[in-house]
Amino acid sequence: MSKTIRFALIGCGLMGREFASAAARWCHLAKDIPRPEIVGACDINPEARAWFERHFSTIKYSTDNYRELIDKPDIDAVYCAVPHNLHARFYVDIINAGKHLLGEKPFGIDKAANDLIIEAVRARPEVIVRCSSEFPFFPACQELIKWIKEGRFGRIIEVRSAFRHSSDLDINKPINWKRQIEYNGEYGCMGDLGLHTQHVPFRAGWLPLNVYANLSKIVTERPDGRGGVAPCLTWDNATLICEARDTGGGLFPLIFETKRMSPGSTNEWELTVLGMGASAKFSTNDPNAFWFTENCGREQAWCRVNIGYKPMIPAITGGIFEFGFPDAILQMIAAFVCEVSGIKIPFGCVRPEETALSHRLLSAALLSYKEKRAVAIEY
Ligand SMILES: NC(=O)c1ccc[n+]([C@@H]2O[C@H](COP(=O)([O-])OP(=O)(O)OC[C@H]3O[C@@H](n4cnc5c(N)ncnc54)[C@H](O)[C@@H]3O)[C@@H](O)[C@H]2O)c1
């Protein structure tokens, strides 16, 4: 297959560059799947677009108005990475224009915005829409996902899924849109980091039946970058204690942690599944390791297997080498391209209905914290 998928990038910031860099490394994949070609770039900041114009000779369209891109017949798909307040309007317009969409989390600034996106998805079933979440594509996490599918954990005792950062501990770090409610949303750290923690549990069918939320706002103002200070009103840390059912019907605690103030954590994504048959864990702090223990009596020993470079979509790198963040982004984009092209893969990107689950959970979490009670989530 030597087809190309012609992409436009809307939002040429941190994540737009990651997408483009991964797309430029397609020869890394050892599977014949359509190649993304970056033909359009949109950002209101011309300097952000300049990087793309410099590095991608394939760019035909460069604009500050996304509407100019989405009606082009020679664009097949869009990767959209813009501030959260723009998600609903941009995503709905992209879907209505019939372009496949890989959007960014939280897929709408709040539940009302997500409802609009879901409505657009339902109206255009031929358009493939997915949300970004790259960490499950680490090979060691793929191994954990395989164990979930094979039912090796048995009755689930507890699942913990966490995403922790620490750079906000620097109180001199200037404010940016991710710490301002009008751009980032009421969810704060939960909107920024939540879907990353929910992708695997939701795909496993572990749906939160209720939630008790503990939210913290620790630093309430930050330098505004112009010599003054600006209010910083988003939630810094959140711990959501939920109850879920495993496939056998057993109830278990499902704990989601999303923290911006976690001393020592640098983009630390972690998933731990404890079960009666076996337990396993993965953390980006030790990215090649798959940790597991099998229950065979009173004592258990944790074993560490170095999984190495054995990703879901085969690549040219030898299996003994190490896998990292840009590799996970490449795998995620390749998974999206496979889904757009009808190529079957064992694990795909976040589906729109999973983003809707996320918004139900996060809205319930806000209510839980406000009323200091557990809130039921109906299905
Ligand atoms: N998957 C991940 O690991 C990950 C990591 C960081 C951020 N994100 C998500 O990606 C999205 C973007 O985050 P980012 O870190 O790239 O932010 P960023 O601030 O680096 O980039 C956003 C870009 O959008 C542009 N923009 C703003 N308004 C625009 C408009 N009207 N039209 C076109 N462009 C506009 C900005 O100029 C900026 O260049 C967010 O949804 C965020 O939650 C995902």
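In this report, the structure presented in the accompanying data block is examined.

For the protein chain, the helix and strand inventory stands at ten helices and 17 strands. By the compact-globule yardstick of 21 Å for 379 residues, the protein chain fits well, its C-alpha radius of gyration being 21 Å. Looking at the protein chain residue by residue over its 379 residues, the buried ones come to 46%.

Bringing helix H1 (residues 14-23) into the picture now. Within H1, burial applies to Gly16, Glu18, Phe19, Ala20, Ala22 and Ala23. On the buried face of H1, the contacting elements are strand S1 (4-10), strand S2 (35-42), helix H2 (46-55), strand S4 (77-80) and helix H9 (325-341).

This part covers the site of the ligand. Residues in close proximity to the ligand total 23 residues, the closest being Gly11, Gly13, Leu14, Met15 and Glu104. Tallied by class, residues from the shell around the ligand come to twelve nonpolar, six polar and five charged.

Positionally, Glu18 belongs in helix H1. Residue Glu18 is classed as buried on the basis of its C-beta count, with 21 C-beta atoms lying within 10 Å. It is 30 Å that separates the C-alpha atoms of Glu18 and Glu221, two residues lying 203 residues apart in sequence.

Bringing the sheet that holds strand S6 (residues 129-131) into the picture now. The strand order S3-S2-S1-S4-S5-S6 describes an open sheet built from six strands, whose pairing is parallel. Each end of this open sheet is capped by a strand with a single partner; those strands are strand S3 (61-63) and S6. Going from strand to strand, the sheet's axes swing by 25 degrees on average, the running direction of each strand aside. Across three bridges, the pairing between strand S5 (residues 100-103) and S6 is parallel. The residue of S6 that forms the bridge with Gly103 is Cys131. Contacts between helix H4 (residues 87-96) and the sheet are confined to S1, S4, S5 and S6, with S5 contributing the most and set at about 160 degrees to the helix.

Of all six residues in strand S14 (residues 278-283), five are buried, a share of seventy percent or more. Across five bridges, strand S13 (residues 268-275) lies against S14 in antiparallel orientation. Opposite Leu274, over in S14, you have Ser279 as the bridge partner. Remark: two residues form the turn of the hairpin made by S13 and S14, two consecutive strands paired antiparallel. Relative to strand S15 (residues 289-294), S14 runs antiparallel, the two sharing four bridges. Looking at S15, one finds that Ser279 is bridged to Thr293.

Turning next to H9. Here H9 spans 24 Å end to end across 17 residues, near enough to the 24 Å set by a 1.5 Å rise per residue. Counting buried residues in H9 gives twelve out of 17 residues, a clear majority hidden from the surface. On the buried face of H9, the contacting elements are S1, H1, S2, S4, S5 and S6. At the exit of H9 stands Gly342, carrying a positive phi of roughly 75 degrees.

What counts as what
- Residues numbered from 1 in each chain as written.
- Predicted model: local features only at pLDDT ≥ 70, side-chain atom pairs only at ≥ 80, totals over all residues.
- Helix = DSSP H or I, 4+ residues; strand = E, 2+ residues; numbered from the N terminus.
- Rg over C-alpha atoms; globule rule 2.2 N^0.38 Å.
- Buried ≥ 20, exposed ≤ 12 C-beta atoms within 10 Å, placed from the backbone.
- Contact = placed C-beta atoms within 7 Å.
- Near = placed C-beta within 6 Å.
- Nonpolar A, V, L, I, M, F, W, Y, C, P; charged D, E, K, R; others polar.
- Pairing = 2+ DSSP bridges.
- Axes fitted to C-alpha atoms, helices over the stretch in contact; angles between N-to-C directions.
- Expected span 1.5 Å × (residues − 1).

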